[in-house]
Structure formats: C-alpha cells, structure tokens
Amino acid sequence: MARKVTGRHVAISTLAAWLAGFVIFFPILWMVLASFKTELEAFATPPSFLFFHWTTENYATVQERSDYLHHALNSLIVAGGSTLIAMLIAIPAAWSMAFSPTKRTKDILLWMLSTKMMPPVGVLVPIYLIYKNMGLLDTRTGLVFILCLGNLPIVIWMLFTYFKEIPKDILEAARMDGATIGRELIYVLTPMAIPGLASTLLLNLILAWNEAFWTLNLSTLNAAPLTTFIASYSSPEGLFWARLSAASTLAIAPILIIGWFSQKQLVRGLTFGAVK
Amino acid sequence: MGRITLEGVQKSFGPVHIIKGADLDIPDGAFVVFVGPSGCGKTTLLRLIAGLEDVSGGRILIDGHNVVDVPPAKRGLSMVFQSYALYPHMSVRGNIAFGLKMAGLPKAEINQKVEAAAATLNLTPYLDRKPRELSGGQRQRVAIGRAIVREPKAFLFDEPLSNLDAALRVQMRLEVTRLQKQLGTTAIYVTHDQVEAMTMADKIVVLNAGRIEQYGSPIELYQKPANLFVAGFIGSPKMNFITGPEAAQRGATTIGVRPEHIAVVDDGGEGWSGKVLIAEHLGSDTFLYVDAGALGTLTVRCVGEKRLGAGDAVTLRPEPGRIYRFDNNGLAIFA
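Everything numeric here is computed off the predicted structure, so don't read it as measured data.

1. A look at the overall build of chain B
Along the backbone of chain B there are nine helices and 19 strands. With the C-alpha coordinates aligned to their principal axes, the bounding extent of chain B is approximately 80 × 45 × 35 Å. A buried classification covers 41% of the 335 residues belonging to chain B. For chain B, the proportion of contacts with a sequence separation of at least 24, taken over those separated by at least 6, is 63%.

2. A closer look at the interface of chain B and chain A
Tallying the contact residues gives 16 residues for chain B and 14 residues for chain A. Contributing elements (two or more residues each) for the side of chain B that touches chain A: β6 (77-80) and α2 (92-102) of chain B. The element best represented in the side of chain B that touches chain A is α2(B), accounting for three residues. In terms of residue class, the side of chain B that touches chain A is built from twelve nonpolar, four polar and no charged.

3. Points about unusual backbone geometry
Residues and elements named next belong to chain B. Omega for the bond connecting S236 with P237 falls within 30 degrees of zero, at -5°, which places this linkage in the cis form. Note that P237 resides in the loop between α8 (228-233) and β11 (240-243). Positive phi outside glycine occurs at Y84, with the angle close to 70°. Checked against the element boundaries, Y84 lands in the loop between β6 and α2.

4. Details of helix α4 (residues 68-99) of chain A
Residue and element names in this part refer to chain A. Between its first and last C-alpha, α4 extends 45 Å over 32 residues, near the 46 Å set by a 1.5 Å rise per residue. The principal kink in α4, of about 30°, is found at A90, preceding the proline P92 by one to four residues. Check the buried side of α4 and you find it contacts α5 (105-114), α7 (140-165), α9 (181-210) and α11 (226-231).

5. What to know about the environment of P125(B)
Residues and elements named next belong to chain B. By the element assignment, P125 lies in the loop between α3 (107-120) and α4 (136-148). Taking the C-beta count within 10 Å as the criterion, P125 has 10 such neighbours and is therefore assigned exposed. Spatially, the C-alpha atom of P125 lies 53 Å from that of F241, the residues being 116 residues apart in sequence.

6. Here's the deal with the domain arrangement of chain B
What the domain assignment reports for chain B is domain 1 (4-226) and domain 2 (237-333). Computed from C-alpha coordinates alone, the two centres of domain 1 of chain B and domain 2 of chain B are separated by 38 Å.

7. A short note on the packing of α4(A) against α7(A)
All names here are of chain A. With their axes 6 Å apart at the nearest point, α4 and α7 run at an angle of 35° to one another. The two elements α4 and α7 meet at a crossing, and its hand is right-handed. Class assignment for the residues of the contact of α4 with α7 results in 24 nonpolar, four polar and two charged.

8. Some points on the nonpolar core
Ranked by internal contacts, the top residues of the largest apolar core, which has 149 residues, are V33(B), L156(B) and I188(B). In terms of residues, this core owes the most to one element, α7(A), which gives 14 residues. Each of domain 1 (4-226) and domain 2 (237-333) of chain B gives at least three residues to this core. Once you skip the residues sitting within four places of it in the chain, V33(B) turns out to touch Y189(B), T191(B), A197(B), M200(B), A201(B), I204(B) and V205(B).

9. As for the sheet that holds strand β4 (residues 57-62) of chain B
All names here are of chain B. Strands sit in the order β2-β1-β4-β5 across an open sheet of four strands; the sheet is antiparallel. Looking at strand neighbours, the two that pair on one side only are β2 (16-26) and β5 (65-66), the edges of this open sheet. In the packing of helix α1 (residues 42-50) onto the sheet, contacts are made with β1 (4-13), β2 and β4, and the angle to β2 comes to roughly 65°.

10. Concerning the sheet that holds strand β12 (residues 254-257) of chain B
All names here are of chain B. Here four strands make up an open sheet; going across it, the order is β11-β12-β18-β19 and the pairing antiparallel. Either end of the sheet is taken by a strand with one partner, and the two such strands are β11 and β19 (332-333). The pairing of strand β18 (residues 324-326) with β19 spans two bridges and is antiparallel. Residue pairing in the sheet places R325 in a bridge with I333 of β19.

11. Notes on α3(B)
Residues and elements named next belong to chain B. Along its 14 residues, α3 runs 20 Å from first to last C-alpha, staying within 8% of the 20 Å computed at 1.5 Å per residue. For α3, the set of buried residues is I110, V114, A117 and A118. Across the axial projection of α3, the buried residues extend over an arc of 100°, all falling on one side. In α3, the exposed residues that point more than 90 degrees away from the buried face are A108, E109, Q112 and A119. Considering only its buried residues, α3 is in contact with α2 and α4. N122, located one to two residues past α3, shows a positive phi value of around 55°.

12. Points about the confidence of the model for chain A
Looking at chain A as a whole, its pLDDT mean stands at 86, while 94% of the residues score no less than 70. The secondary-structure element of chain A with the lowest mean pLDDT is strand β2 (residues 238-239) of chain A, recorded at 68, while helix α6 (residues 124-134) of chain A shows the highest, at 94.

13. Examining the confidence of the model for chain B
The share of residues in chain B with pLDDT of 70 or more is 100%, and the mean pLDDT across the chain is 91. Model confidence for the complex: the whole-complex pTM is 0.76, and ipTM, which rates the interface, is 0.82.

14. Quick notes on the pairing of β2(B)
Pairing of β1(B) with β2(B), which is carried by eight bridges, proceeds in the antiparallel orientation. Residue pairing for β2(B): T5(B) is matched across the bridge by D25(B).

15. A look at the packing of α2(B) against α4(B)
Axis angle and axis distance: for two packed helices, these are the angle between their axes and the distance between the axes, and together they describe the pair. All names here are of chain B. As a packed pair, α2 and α4 sit with axes 7 Å apart at the nearest point and diverge in direction by 30°. Compared by their axis directions, α2 and α4 come out roughly parallel. Classified by chirality, the crossing of α4 by α2 is right-handed. Contacts from V92, N95, I96, F98 and G99 of α2 reach α4 at V142, G145 and R146. Residues of the contact of α2 with α4, tallied by class, amount to four nonpolar, three polar and one charged.

About the criteria used
- The numbering scheme is per chain: residues are counted from 1 as the chain's sequence reads.
- Following the order in which they are written, the chains are lettered starting with A and the ligands numbered starting with 1.
- For a predicted model such as this one, the threshold for reporting local features is a pLDDT of at least 70, and the threshold for listing and counting side-chain atom pairs is 80 or more; totals across whole chains, interfaces and linings nevertheless cover every residue.
- Helix and strand labels come from DSSP, where a helix needs a run of H or I of at least four residues and a strand needs a run of E of at least two; each type is numbered from the N terminus.
- Partly exposed residues are those falling between the two cut-offs: more than 12 but fewer than 20 other C-beta atoms within 10 Å of their own, whereas 20 or more means buried and 12 or fewer means exposed, with C-beta atoms placed from the backbone.
- Contacts are defined on C-beta atoms placed from the backbone: any two residues whose C-beta positions lie within 7 Å are in contact.
- Following the grouping adopted for this structure description, the nonpolar residues are Ala, Val, Leu, Ile, Met, Phe, Trp, Tyr, Cys and Pro, the charged ones are Asp, Glu, Lys and Arg, and the polar ones are all others, Gly among them.
- What a helix is expected to span follows from its residue count: subtract one and scale by 1.5 Å.
- We define the bend at each residue as the angle formed by axes fitted to the 7 residues ending at it and the 7 residues starting at it.
- Domain delimitation in this document rests on an assignment produced automatically or drawn from a domain database.
- Here, axes are lines fitted to C-alpha atoms. For helices the fit covers the stretch in contact, and angles between N-to-C directions go from 0 to 180 degrees.
- By convention the crossing between two helices is left-handed if the near helix lies anticlockwise of the far one by an angle smaller than a right angle, and right-handed if it lies clockwise.
- Put simply, a nonpolar core is a cluster of buried Ala, Val, Leu, Ile, Met, Phe, Trp, Tyr and Cys residues tied together by C-beta atoms within 7 Å.
- By this definition, two strands are paired if DSSP reports at least two bridges between them.
- Along the arc lie the directions from the helix axis toward the C-beta atoms.
- Each residue carries a pLDDT value, the predictor's own confidence for that position, ranging from 0 to 100.
- Orientation labels follow simple angle bins: below 35 degrees gives roughly parallel, above 145 gives roughly antiparallel, 65 to 115 gives roughly perpendicular, and whatever is left gives oblique.

This is the structure:
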C-alpha cells in the first residue's frame, strides 16, 4: 500500500526542510550580516540581527588594505589550473581503469584513496623543504601542483565511478555501427559522460578554491589566493570581526555564485547511478 | 551475400582456453543458432565473428575473405545485444540512423531508410521518443531496427530475448524469425534456451566447453545426436541415460531413451518396472518421475489424461527403434 501523504505531512516536512536549510546556511548569513556592521556592533552582546547601522565601510577598508582582485585572480588561477590539469590526468586514467581493468586496478584505486587518509600536516615539513629548494614557495605553479595532486585521487575516483556506469555494450554497439574511436568519443561517450565530467569539475573547483592548509602554508603574498587573504584579517593585534566577515564574504562570493547556478548539475552528478 | 566460415578458430584469455578450435560453415541466408550451457563459449564465438574480440588462432571468412584483422565496423555485420545497448541520449530515430550517419549517407536517404525500418518494426509512432520512454519489447525492436537498417551481410544476435517476459519472448521469437526469412539475411543467434534454438534455427550449433559438439538441423540433432552431451542437451525433458547390464546387453556403454519414447503399459508384458516418485500434471502432458530400481530414476512423458500418482507401480516399455546407444567415449553408435 502506498503511504498516505496528507497536506499536513507536506507542510511539516517542508517546514523541517526549510529549518534545516536555515540552520546550515545561518553561519554564512551571519557572516554576511556582520560584514555590514561596524566593528563595535559586530562584537555587541546581545547581537542585533537586522536593526543595526548598515555600512559598507568594511568593504572599502578591505579593498584599501589588501588587493582583493590580486588574490581573487590567484584563486582563479590556482583552483582553475589545478582542476584542469587534474581532469586532464584523471580522464584517461579513470577511462582505462573503467574500460580495460587489470588485476591490480582495484589495488591502485584503493592506494590512491589511501593517500587522502593521511593528514596533510604529516608531510608539511618535507613538502615545504622540497618547495623551498625548488623555488616553488609562494608561486602559483607550486600551488597548482600541490592542489592538483591533492585532489587527483578524488577526481579519478569520481570519474571512475561515472565511467563504470556507462555500459560497455553501448560502446561496442557504436563500434559495430561503424564509429571510429574519435566519433565514438564525440557522439556516444561524451554526451553520456557529460553530467559526470561536469559535476567532477565543479566539485574539484570548489575543493581547490576552498583549500586552506597548503595555500596558507606555501604562499604569503605573490601567489596568495583568497584563503590567505581571509587569514590575514585574523591578526595578533586583535580580531576585526566586521572586516574579517567582509573579506570572507568577498572570498566565497564567486564560488557561491558558481555553486548556485550549477546546483542542478552538482546534485545530478552526485546522485548519478544511484537509481537506475 | 553473407557466407561465414570458421576455420580452426581459437580464443584464449590468458591461460584459459575458451574456444578450442571451431570449424563451421554457415551458408548465405541461413538462420544458425549457437546453443549451449552457460560458459560454453557461445557468446565469445559470436564476439569473435563480430570482431569485438581478437582470435588467438584460426581464420574467420566472410564471403571468402579472411576478416580476422578487419575491425568490427568493416566486417559488414550488425549485432543485437542482450542489453539492447541503445544510445540513451538519442531518440529512436537517432539510434536507428546512427550506423548510416557513420557511413556518411546523405540525410534524405538516411531518413527514408529509417522510416522504412521503423514501419517494418511498428516503431513509426515512437521515432521521436528516447529509449527510456519505451517498453522492453519496443527497445528490443529499436535494437533490431538499428541492425537491419544497415543492410548487413549477417545479423548477430546475442541472447536478445532473455530480458523479456515469457509471453513477449514467444512473440518476439516469431517476429525475429519472420523478419529474417523476409530479409533473407544470414543470422547467427546465441541462446542458452534450447526451445528458442529448436524453434528458430535452420541449423543449430551445440557448443560445450569451447568445442562444437554437433552442427545440424534441429530435427537431425533430436533424432541423431552425435554424443551424450547433445543427446542430453536437446529435448525437454532431458533424455534418460541408463548404464550397466541394461546397456551392455544392447552392445553399448550407455543407452538413452527420451521421455516421450517410453510408454507406460499394463498388458503384463515385458518392461522396466518401477514406482512413481512424482507425477507432474501439465494438462496436455503428464511427466512421471519413476524409480526404476537399478536403472535409476527415469522421466516419462505421457498424455495428460494419465491418472497416476506418487507410489503407483508401473511398467515402462521403451519404443524399440528409439533407443540411442553410446560407446565408452560418449559417442553415438549408429546402425
């Protein structure tokens, strides 16, 4: 018997979903609100929620004190570059593992994933020294390289699972139909793999954009992306909540917008293959 | 034209020998069914002919040309897969047209051929739908449409009906047979279902453990099985095999009698006596499983009206001319 869904059920679950969404979103909302307060109001107890003296002064200060565009550009290059390189390496890797697996394929995949189980701080000193000796400290190349390597296992895993979902029969059917490898790729594989490729790309972009450990430790100014830009506002002289909030809001704005517009694609990608 | 000849075709995956030297001559226009138990190599043999696997030895000739080094697309064959393997992002029209598009035919000609194929298969109303919007039977027809539209030298069917329900399977079986006769194109059809094999084939290839056990018409295989395996595999219910003195007195190691060639008699004459273990009443037929003592359990097929039940004592008499004899290598002894 199908479960009965009454109007009350719908109302309650809608309310619960909105409530959960609000709780999850609250810190971001609070940060955005704080960025429009004065430093004094940002500290005030009890805090005022909406009725305070709205000001954009913090944004002006932040832009004056540090060059937002410089950091944003660095973030774009580092996140975008590392994502593109990771995809370029991961697509053929995942492809070959999904479509012509060997005895060791499973082991390789697990080994790749196992590297993600190690806390990054465990290799901070050696990596720092290697970077120092190679002159990669505070360079975009260095950051692209480390973020690419760091996310590669996840990217390969995600793509591997997507490719695995594409039935081999369909590729063989295309081959029987006279498609060359190039045409098979264009007409059959790519259209079928696009949701997977897109969501992997987006997720990796978000991960790389938000990555703070390596970017904070391996860059200071020249290559510093937005994470370093935010961190520079929590200084020993004291916390400037309002300014820190303004900086953070600026830092997450681009990725938030990208995420907002691609949420359909992201959700589809993340649940791909869950239901046949 | 679509004559396919296999000469000593072998296939190994690493140390595992899947096909152990297959020789076969499939005449143009024939409907040949590869049948055998799971893992006997029938699908592998089909894939070797298709070119989806490379042979480890031997030659495959299509119309006299060795094609072992020719890629699948250039062999001029079409394949229908068990899973249909339709392109999910293309409409029915796109699916059927794909092969023609790859061949670089002009648009008008593609359209005309697709419409014709769709009409033959009753797919015209569905041409603009996506595969996911179709039922299993319709999807299978699209897969067949994709195969026929290219006017191939031969169709290769890899268990195409095994995903359909029983009623639809019977219907599609007829449709496929009718279509093949109408087009007159050579067809190779893989199945593990011997009823499908018997009903559809002009000729059957019985495979077992990578070897061709016998190649012949359905009736030939039924009436003159070459060995124990074919005798046991073709026919339902299975042939009864009897060894020991009963076989020895007929000059064989094993004798075989089909269930339909054993009569239940009550004339007090000679016969094998036994006790009914189970009686299956199917309406038209009754299958008796009889404990015949030293002869083992025998299956008997008799008319549906036979009122016999478990525990009844019966006398069984095989039809004299219908006893198959096999030597100690399992090969049939004729004459």
